[in-house]
Amino acid sequence: MVKEIERAGFPVVHMCTVVPISLTVGANRIIPTVAIPYPLGNPALTAVDEKELRRKLVKKALKALETPVTEQTVF
Amino acid sequence: MGIKIVHYINQFYGGIGGEDKADYAPEKISGVKGPGMGLQAAFGDKATISSTIICGDSYFNENIDVATGVILEMIKEENPDVFIAGPAFNAGRYGVACGAVCKAVSESLNIPVVTGMYIENPGADMYKKNAYMIETTNSAAGMKDALAKVAALALKLGSGEAIGTPELEGYMARGVRRNIFCEDRGAKRAVDMLVQKLKGEKITTEYPMPTFDRVDPAEPVKDVRKAKIAIVSSGGPVPKGNPDHIESSSASKFGKYSIAGIDDLTPENGETAHGGYDPVYANQDLDRVIPVDILKEMEKSGEIGSLHDFYYSTVGNGTSVNNSKKFAAEIAKDLLAANVDAVILTST
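Counting starts from 1 at the beginning of each chain's written sequence and moves along it residue by residue. Starting at A for chains and at 1 for ligands, labels are handed out in the order in which the entities are written. In keeping with the predicted nature of the model, local features appear solely for residues at pLDDT of at least 70, side-chain atom pairs appear and are counted solely at 80 or more, and the whole-chain, interface and lining totals rest on all residues.

### Re the overall build of chain B
Item 1. The number of helices and strands found in chain B is 11 helices and 12 strands.
Item 2. Seen through its C-alpha atoms, chain B measures out along the principal axes to roughly 70 × 60 × 35 Å.
Item 3. Note on burial: count the other C-beta atoms lying within 10 Å of the residue's C-beta; 20 or more is buried, 12 or fewer is exposed, in between is partly exposed, and C-beta positions come from the backbone. Taking all 348 residues of chain B together, 46% fall into the buried category. Helix and strand assignments follow DSSP, with helices taken as H or I runs no shorter than four residues and strands as E runs no shorter than two, numbered in order from the N terminus.

### Some details on the pairing of strand E1 (residues 12–16) of chain A
Item 1. Counting buried positions over the five residues of E1(A) gives five, a clear majority of the element.
Item 2. Burial along E1(A) is two-sided: Val12(A), His14(A) and Cys16(A) and Val13(A) and Met15(A), pointing in opposite directions, are all buried.
Item 3. Of the pairings in the sheet, the one linking E1(A) to strand E12 (residues 342–346) of chain B comprises four bridges and is parallel in character. Of the residues in E12(B), the one forming a bridge with Met15(A) is Thr346(B).
Item 4. Where E1(A) meets strand E2 (residues 29–32) of chain A, four bridges bridge the pair, whose relative direction is parallel. Of the residues in E2(A), the one forming a bridge with Cys16(A) is Pro32(A). By this definition, two strands are paired if DSSP reports at least two bridges between them.

### What to know about the packing of helix H3 (residues 47–66) of chain A against helix H10 (residues 292–301) of chain B
Item 1. Across the interface, H3(A) lies against H10(B) with an axial gap of 9 Å and an inter-helix angle of 65 degrees. By the criterion of interaxial angle, the relationship of H3(A) to H10(B) is roughly perpendicular. As H3(A) runs across H10(B), the sense of the crossing is right-handed. Side by side, H3(A) and H10(B) meet where Lys51(A), Arg54(A), Arg55(A) and Val58(A) of the first sit next to Asp293(B), Ile294(B) and Leu295(B) of the second. The convention used is that axes are lines fitted to C-alpha atoms, helices contributing only their stretch in contact, and that angles between N-to-C directions extend from 0 to 180 degrees. Any angle that is under 35 degrees is reported as roughly parallel, and any over 145 degrees as roughly antiparallel; angles of 65 to 115 degrees are reported as roughly perpendicular and all others as oblique. Note: crossing handedness is left-handed where the near helix turns anticlockwise from the far helix by less than a right angle, and right-handed where it turns clockwise. For the purpose of contact definition, each residue receives a C-beta atom placed from its backbone, and two residues are in contact when these atoms lie within 7 Å.

### Overview of the sheet that holds strand E4 (residues 82–85) of chain B
Backbone-to-backbone hydrogen bonds pair the strands of a sheet. The strands run either parallel or antiparallel.
Residue and element names in this part refer to chain B.
Item 1. Spatial strand order, E2-E3-E1-E4-E5-E6: six strands in an open sheet with mixed pairing. One side of each edge strand has no neighbouring strand; the edge strands of this open sheet are strand E2 (27–30) and strand E6 (132–135). Across the sheet, the mean angle from the axis of one strand to that of its neighbour is 25 degrees, orientation sign disregarded.
Item 2. Summarising the sheet, strand E5 (residues 113–117) and E6 pair through four bridges and their orientation is parallel. When the bridges of E6 are listed, Val-114 appears paired with Tyr-132.
Item 3. Contacts between helix H1 (residues 35–43) and the sheet are confined to strand E1 (3–10), strand E3 (47–55) and E4, with E3 contributing the most and set at about 165 degrees to the helix.
Item 4. Against the sheet, helix H4 (residues 92–109) contacts E1, E3, E4 and E5, and its axis sits at roughly 165 degrees relative to E5.

### What to know about the interface of chain A and chain B
Item 1. Across the contact, 45 residues belong to chain A and 49 residues belong to chain B.
Item 2. Listing elements by their share of the side of chain A that touches chain B, those giving two or more residues are helix H1 (2–7), E1, helix H2 (19–25) and H3 of chain A.
Item 3. Here the side of chain A that touches chain B takes eight residues from H3(A), the largest share from any one element.
Item 4. Within the side of chain A that touches chain B, the residues separate by chemical class into 27 nonpolar, nine polar and nine charged. Under the grouping applied here, Gly and all other residues not named as nonpolar or charged are polar, the nonpolar ones being Ala, Val, Leu, Ile, Met, Phe, Trp, Tyr, Cys and Pro and the charged ones Asp, Glu, Lys and Arg.

### Brief notes about the environment of Leu147(B)
Residues and elements named next belong to chain B.
Item 1. With respect to the helices and strands, the residue Leu-147 is situated in helix H6 (residues 143–158).
Item 2. Residue classification places Leu-147 among the buried residues on the basis of 24 C-beta atoms within 10 Å.
Item 3. Counting along the chain gives 111 residues from Leu-147 to Gly-36, while the straight-line C-alpha distance between them is 8.7 Å.
Item 4. Those residues in contact with Leu-147 that lie beyond four places of it in its chain are Pro-35, Gly-38, Leu-39 and Ala-42.

### Regarding the domain arrangement of chain B
All names here are of chain B.
Item 1. Partitioning chain B into domains gives domain 1 (3–169) and domain 2 (224–346).
Item 2. Source of the domain bounds: an automatic or database domain assignment. The C-alpha centroid of domain 2 is placed 34 Å from the C-alpha centroid of domain 1.
Item 3. Listed as interface residues are seven residues of domain 1 and, on the opposing side, five residues of domain 2.
Item 4. Taken together, the residues that form the side of domain 1 that touches domain 2 break down as one nonpolar, three polar and three charged.

### Description of helix H11 (residues 321–337) of chain B
Item 1. To estimate how far a helix should reach, multiply one less than its number of residues by 1.5 Å. With 17 residues, H11(B) should cover 24 Å at 1.5 Å per step; its first-to-last C-alpha distance of 24 Å lies within 8% of that length.
Item 2. Taken residue by residue, H11(B) has Ser324(B), Phe327(B), Ala328(B), Ile331(B), Ala332(B) and Leu335(B) as its buried positions. Projected onto a plane normal to the axis of H11(B), the buried residues spread over an arc of 140 degrees and lie on a single side. Across H11(B) from its buried face, at more than 90 degrees, point the exposed residues Asn322(B), Lys333(B), Leu336(B) and Ala337(B).
Item 3. Contact partners of the buried residues in H11(B): H1 of chain A together with strand E7 (228–233), strand E11 (306–313) and E12 of chain B. Note that the arc is defined by the directions from the helix axis to the C-beta atoms.

### Points about the nonpolar core
Most often, soluble globular proteins have nonpolar side chains that are buried together.
Item 1. We define a nonpolar core as a collection of buried residues of the types Ala, Val, Leu, Ile, Met, Phe, Trp, Tyr and Cys that are connected via C-beta atoms lying within 7 Å of each other. Core analysis: the largest hydrophobic core is formed by 116 residues, its most contacted members being Ile5(A), Val114(B), Ala154(B) and Val343(B).
Item 2. In terms of residues, this core owes the most to one element, H4(B), which gives nine residues.
Item 3. The residues that make up this core include at least three from each of domain 1 (3–169) and domain 2 (224–346) of chain B.
Item 4. Ignoring anything within four residues of it in the chain, the contact list for Ala154(B) reads Ile5(B), Ala47(B), Val82(B), Ile84(B) and Val114(B).
Item 5. Judged by nonpolar contacts, the second largest core, of five residues, contains Val238(B), Ala251(B), Ala273(B) and Val315(B).

### A few points about the pairing of E2(A)
All names here are of chain A.
Item 1. Here a crossover is taken to be right-handed if, once the strands point away from the viewer, the path from the first strand over the helix to the second is traced clockwise. In the classification by handedness, the crossover that spans E1, the intervening H2 and the parallel E2 is right-handed.
Item 2. With two bridges connecting them, E2 and strand E3 (residues 73–74) associate as parallel partners. Along E3, the bridge assignment pairs Arg-29 with Thr-73.

Put into structure tokens, the structure is as follows:
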């Protein structure tokens with residue numbers, strides 16, 4: 001899906017935990033995330049800390065969308 | 001005892017449990033377990049599975065290096081003649097685990113390795129060059145046939161017999177070329193092939209070209225503070241109740257869901273339809289799969305231009321590449337019409 005949406009001209013940032021799969025399917029901007037069942041959270045943290053963690057990951061993703069890349073890049 | 005074999009399986013086939021036990025750390029038990037019984041039956045007295053290694057699929061994929069190291073040690077202690085993993089069919093994390101362990105065993109211990117999976121399993125593209133990988137059906141309905149092929153190949157490897165072509169043995173081509181003698185010289189074979197082609201007959205090339213399907217990175221957005229961002233996910237996020245009945249595996253559709261007026265996802269307004277991971281955490285707080293809460297806050301504070309009023313979702317669990325492509329093409333059309341500038345795509 002990442003590749004097909006990017007083919008249409010959109011920069012896509014792929015946020016996922018298993019980076020090798022993302023590389024194999026051809027994502028170009030990749031943000032490694034926390035865990036398979038909760039990529040953008042962590043139930044072991046307090047609600048406040050968990051949200052902070054998510055904010056950091058989203059910020060990183062937005063930064064990746066602003067970054068020119070010429071090849072597959074793991075941020 | 002003939003050929004000594006160690007077998008790797010996941011927590012499901014190891015009888016430990018389903019997705020709730022997918023974080024199970026590697027364990028070695030003696031003898032056979034699960035599909036190992038079928039393999040052992042196929043071996044008869046020619047080979048013995050001395051021990052079985054069980055590891056949770058999520059544990060492996062979230063800790064690839066550590067898990068591979070631990071499992072490698074377990075296999076080293078056994079010093080088998082052949083190592084077998086799976087078969088994994090279309091279970092993505094399981095396929096990656098089987099492939100990664102096979103690669104490590106083959107490279108570090110120099111022991112022949114066999115695994116099996118469906119051709120669209122992400123583990124296939126990643127590791128088919130590192131192992132004899134039997135091509136299986138996409139579900140465990142094909143277990144019997146898969147085990148027969150895996151067992152036959154393992155016996156050949158263990159006894160040092162020559163291995164036939166991928167077509168003959170049922171494994172995926174590894175990109176290895178061997179010289180062979182042909183009855184006819186190249187020029188004649190080429191002309192024969194041309195004649196066949198002109199007649200409209202099926203021809204088999206002697207040198208299949210690899211298929212590279214890469215998309216060049218799109219231009220970045222100049223300023224996210226002015227950009228319209230959209231969320232897409234293969235993690236199966238849906239409004240509470242899964243109104244479109246997106247399937248928990250092998251999805252035949254995607255959904256488009258409004259988040260206008262929703263600032264936070266809660267157990268009351270969202271859940272996951274995905275059947276390939278433990279849904280407890282996503283159902284408690286779906287922001288853990290799609291960060292709607294953060295993006296809404298960023299929209300208000302001006303850190304992003306705007307958030308598209310809809311998110312797009314499907315279940316990436318055993319879903320065919322063809323369906324995924326089709327969904328994404330339709331989603332892209334919609335994004336274009338909505339003047340979206342960039343996409344955050346999350347996967348579980």
